[in-house]
Amino acid sequence: MQGQHNKRGEFQFIMLRIGILGGGQLGRMLLQEAPNYPVDVHILESDPNCPASNVGKNLYTGNFSSYDDVVSFGMQMDVLTTEIEHVNVDALQYLEDQGVKIIPRSACLRTIKDKIGQKKFYQQQGIQSPAYRVIHTRDELNGHLDFLPAAQKLAKGGYDGKGVQLILHNDDIAKGFDAPSVLEKLVDIDKEIAVSVAVGQDGSTAIYPAVEMVFDPVLNVLDVQVCPAGISAAVVEKANALAVKVATGFASPGLFAVEMFVDKQGEVWVNETAPRVHNSGHHTIEAHYSSQFDMLWRILLGYPLGNTEMIQSSVMLNILGAEGEVGPVRYEGLKAVLAIPNAFVHLYGKQSTKPGRKMGHVTLMGDDVPQLLQQAHQIKTTLLVKAQH
Ligand code: ADP
């Protein structure tokens, strides 16, 4: 734990300088929790108007993919974390060698950043994840017809389903990626769930209840999300065991959102892991005692982990930029949604909208999940993100 003992032998916390790589909505929501603790927070981000810019005073303009920018920013920090995987890991490794605490550790980020490395890690750790083959070029796909149907995933740079292409049969090969990727056996998915696991600096762990994710089939981004997931106790047990195995397997403190598939037979398969606060944990701001953002501060500061217990069931929906709307943002129907007593609205402060862009989210709390789902679908047609014309 970071701190010192005073003359009377009492333990006192000291102010730490914490750096965050990335100033998007995740960085913004992390900043919103920061003043609860003795921290001096700094953000590295290339866009001076990023979502975090409204809430953080220490914004360093720089690129988190640049070795030099990350090193010069990180050298001024006690602890460094990231809101995104696509950061310069060599710089983080150098900073680690210089004594800067990197959470999650650079080796963990290096493994996760590359889907091939991530799949190898699951295999080495004996973690159930769909079978895969490594592919380098589109042509190579022709040599794996026996493996179809499959999902082809870009090794690097994929985000929100943009680096994923279903290759169901031979005819689909033409639309395959011509780049290093994994070809993953298609799972007969019943449900997509996520379990976030906190790993403290002392190795202690805390598990958030599983959430169920429903994706928008067109945009391929998280559509609505339900907590707790509608899965049996047996599936919960399997999912929790897998998530803890993944999170502790990285041998690093951090917060790990483990995305999993539940197949039609009730088997659980790890899809992928995000070593950070995650879209699947936004509901924890209101619906859980310790939110994912509060939890990450506790991890970064070496404090005891928070209480992951649920206060009430919740449904969370992303507020996305409407189709055909590009430009400076305006919100239609916001007043009506703000008037809903069990709705919590979060807008990310993005100045311009485009179709499918994540502009905010709404969490609905209550005991009756079907009713919350109905409310969520209503909000989707009420609260619209459009451009100013
Ligand atoms: P991203 O990291 O870009 O979010 P994912 O790996 O989560 O990409 O894949 C996006 C979506 O594609 C998943 O949510 C799932 O619906 C589908 N998908 C991915 N892998 C498989 C698979 N092995 N079997 C069936 N569907 C899959």
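Residues numbered from 1 in each chain as written. Predicted model: local features only at pLDDT ≥ 70, side-chain atom pairs only at ≥ 80, totals over all residues. Heavy atoms only, no water.

Some points on the packing of aromatic side chains
The description of an aromatic ring pair rests on the distance of the ring centres and on the angle between the ring planes. All told, the structure shown has 6 aromatic pairs when counted by the stated rule. Taken together, a centroid distance of 6.4 Å and an interplanar angle of 50° make the contact between Y67 and Y94 tilted. Of this pair, Y67 sits in helix α2 (residues 67-74) while Y94 sits in helix α3 (residues 89-97), placing them 27 residues apart in sequence. With a centroid separation of 5.5 Å and 20° between ring planes, the pair formed by F250 and F256 is classed as stacked. The exposure class of F250 is buried, given its relative accessible area of 9%. Of note, K185 hangs over the ring of F147, and the distance from its end group to the ring centre comes to 4.6 Å. (Phe/Tyr/Trp six-rings, centres within 6.5 Å; stacked < 30°, edge-to-face > 60°. Helix = DSSP H or I, 4+ residues; strand = E, 2+ residues; numbered from the N terminus. Buried < 20%, exposed > 50% of the residue type's maximum accessible area, 1.4 Å probe, protein only. Lys NZ or Arg CZ within 6 Å of the ring centre and 35° of its normal.)

Side note on helix α10 (residues 369-382)
With 14 residues, α10 extends 20 Å between its outermost C-alpha atoms, agreeing within 8% with the 20 Å of an ideal straight helix rising 1.5 Å per residue. Restricting attention to buried positions, one finds in α10 the residues L372, Q375, A376 and I379. End-on view of α10: buried residues confined to an arc of 105°, all on one side of the axis. When the buried face of α10 is taken as reference, the exposed residues oriented beyond 90 degrees from it are P370, Q374, Q378 and T381. (Expected span 1.5 Å × (residues − 1). Arc of directions from axis to C-beta.)

Description of the pairing of strand β11 (residues 181-185)
Across the 5 residues that make up β11, a large majority, 4, are buried. For strand β8 (residues 132-135) and β11, the ladder comprises 4 bridges, and the chain directions are antiparallel. Directly across from R133, in β11, lies its bridge partner L183. Where strand β9 (residues 150-154) lies against β11, 5 bridges are found, and the strand directions are antiparallel. Note that in β11 the partner of Q152 across the bridge is L183. (Pairing = 2+ DSSP bridges.)

Observations concerning helix α6 (residues 233-249)
With 17 residues, α6 should reach 24 Å at 1.5 Å per residue; the first-to-last C-alpha distance of 24 Å fits that figure. Buried within α6 we find V235, A239, L242, A243, V246 and A247. The buried residues of α6 all sit within an arc of 130° when viewed along its axis, so they share a single face. In α6, the exposed positions angled more than 90 degrees off the buried face are occupied by A233 and E237. Along its buried surface, α6 packs onto α5 (115-124), β12 (189-199), β16 (254-263) and β17 (268-274). A positive phi of about 50° marks A251, the residue just after α6. (Contact = heavy atoms within 4.5 Å.)

Interpretation in functional terms is not warranted from these geometric data alone.
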